[in-house]
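Residues per chain, in single letters:
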Amino acid sequence: MNNDQYLNIILSFIKIFIKFCLKNESPIDVDENLNIDLIKKLAKKYSIANDPENTYLYMSKLIHLGEFKVPMEYSVKLYKQGEFKVSMNYFRLLSKFNHPIANFFIGIMKYKGEGCDTDRTESYSILKRLSDNGIDKATKFIKENF
């Protein structure tokens, strides 16, 4: 990263902090569109660098901005790598925004006890809700496993 990029990042965060302090608004509301690309880049950078604190920070920011693609890809990657507890944490963040894929993974993970205690009743409830809303994979899983 060159000095201009670094300066732009610092200025952006200062601007966000000032607006937050003066108006007591969410700091993410400032120049949202300009910051989304930067937040995506930082989320990817920290996830590749295996920096869990910063990865969580930037993935959470994306989720709260309604930008689900990068966090979902990261969550699925963690799941495929067998990092069930960490992936469950990200799926739960996404599920707060009623993300159907995140909810599907939570339902499957609760059925199998991956990253959480096995809870087939809750698994069924989650998957049934998805099935009722037209998610075919949930319908198929229910038919095959319940």
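In this report, the structure presented in the accompanying data block is examined. Along each chain, numbering runs from 1 in the same order as the chain's sequence is written. pLDDT decides what is reported in this predicted model: residues at 70 or higher carry local features, side-chain atom pairs at 80 or more are listed and counted, and totals for whole chains, interfaces and linings draw on all residues regardless. Calculated side-chain values reflect all of the structure's heavy atoms, with hydrogen atoms and water omitted.

## What about the overall build of the protein?
Along the backbone of the protein there are eight helices and zero strands. Reading the protein from its N end, one meets helices and strands in the order α-α-α-α-α-α-α-α. Counting over 146 residues, the protein shows a buried share of 36%. Two residues qualify as a contact provided that any one of their heavy atoms is within 4.5 Å of a heavy atom in the partner residue. Contacts spanning at least 24 positions in sequence make up 38% of the contacts within the protein whose residues lie at least 6 apart. Helix numbering and strand numbering both begin at the N terminus, where a helix is a DSSP run of H or I of at least 4 residues and a strand a DSSP run of E of at least 2. Exposure is judged per residue with a 1.4 Å probe applied to protein chains only, and the accessible area is read against the type maximum: over 50% gives exposed, under 20% gives buried, and values in between give partly exposed.

## Let's talk about the packing of aromatic side chains
Each pair of aromatic rings taken from Phe, Tyr and Trp, with Trp reduced to its six-membered ring, is defined by centres within 6.5 Å and is described as stacked if the planes are under 30 degrees apart, edge-to-face if over 60, and tilted in the remaining cases. Tallying each qualifying case throughout the model produces twelve aromatic pairs. Relative to tyrosine 58, the ring of tyrosine 46 lies with its centre 5.7 Å away and its plane at 15°, an arrangement referred to as stacked. On the criterion of sequence distance, the pair formed by tyrosine 46 in helix 2 (residues 32-48) and tyrosine 58 in helix 3 (residues 52-64) is long-range, its members being twelve residues apart. For tyrosine 46, a relative accessible area of 19% gives the class buried. Look at tyrosine 111 and phenylalanine 146: their rings are 5.2 Å apart centre to centre, the planes differ by 70°, and that puts the pair in the edge-to-face class. One end of the pair, tyrosine 111, is in helix 6 (residues 100-112); the other, phenylalanine 146, is in the segment after helix 8 (136-145), with 35 residues separating them in the sequence. Take tyrosine 111: its relative accessible area is 12%, and that puts it in the buried class. Definition used: whenever NZ (Lys) or CZ (Arg) falls within 6 Å of the ring centre and also within 35 degrees of the ring normal, the charge is taken to sit over that ring. Its end group placed over the ring of tyrosine 111, arginine 120 keeps NZ or CZ at 4.0 Å from the ring centre.

## Examining the pattern of salt bridges
Just to be clear on terms, a salt bridge is a Lys or Arg side-chain nitrogen sitting within 4 Å of an Asp or Glu carboxyl oxygen. One pass over the full model with this rule turns up four salt bridges. With a closest N to O distance of 4.0 Å, glutamate 73 and lysine 69 form a salt bridge. Taken together, the residues glutamate 73 and lysine 69, both in helix 4 (residues 69-80) and four residues apart, mark about one turn of the helix. The exposed category is assigned to lysine 69, whose relative accessible area is 61%.

## Observations regarding unusual backbone geometry
Positive phi, close to 60°, is recorded for asparagine 50, a residue that is not glycine. Looking at the secondary structure, you find asparagine 50 in the loop between helix 2 and helix 3. In the Ramachandran plot, asparagine 98 falls in the positive-phi region, its phi being about 55° despite a non-glycine side chain. Relative to the elements of secondary structure, asparagine 98 occurs in the loop between helix 5 (84-95) and helix 6. Judged by relative accessible area, which is 56%, asparagine 98 ranks as exposed.

## Here we look at the packing of helix 3 against helix 4
Angles shown run from 0 to 180 degrees and are taken between the N-to-C directions of axes, each axis being a line fitted to C-alpha atoms and, for helices, limited to the stretch in contact. Two numbers describe how helix 3 lies on helix 4: the axes approach to 8 Å, and their chain directions differ by 130°. Regarding the angle of helix 3 to helix 4, the classification is oblique. Listed contacts from helix 4 to Thr55, Met59, Leu62 and Ile63 of helix 3 are Val70, Pro71 and Tyr74. In the scheme used here, Gly and all other residues not listed as nonpolar or charged are polar, with Ala, Val, Leu, Ile, Met, Phe, Trp, Tyr, Cys and Pro taken as nonpolar and Asp, Glu, Lys and Arg as charged. A per-class count over the contact of helix 3 with helix 4 returns six nonpolar, one polar and no charged. Each angle gets one of four labels, with under 35 degrees taken as roughly parallel, over 145 as roughly antiparallel, 65 to 115 as roughly perpendicular, and the rest as oblique.

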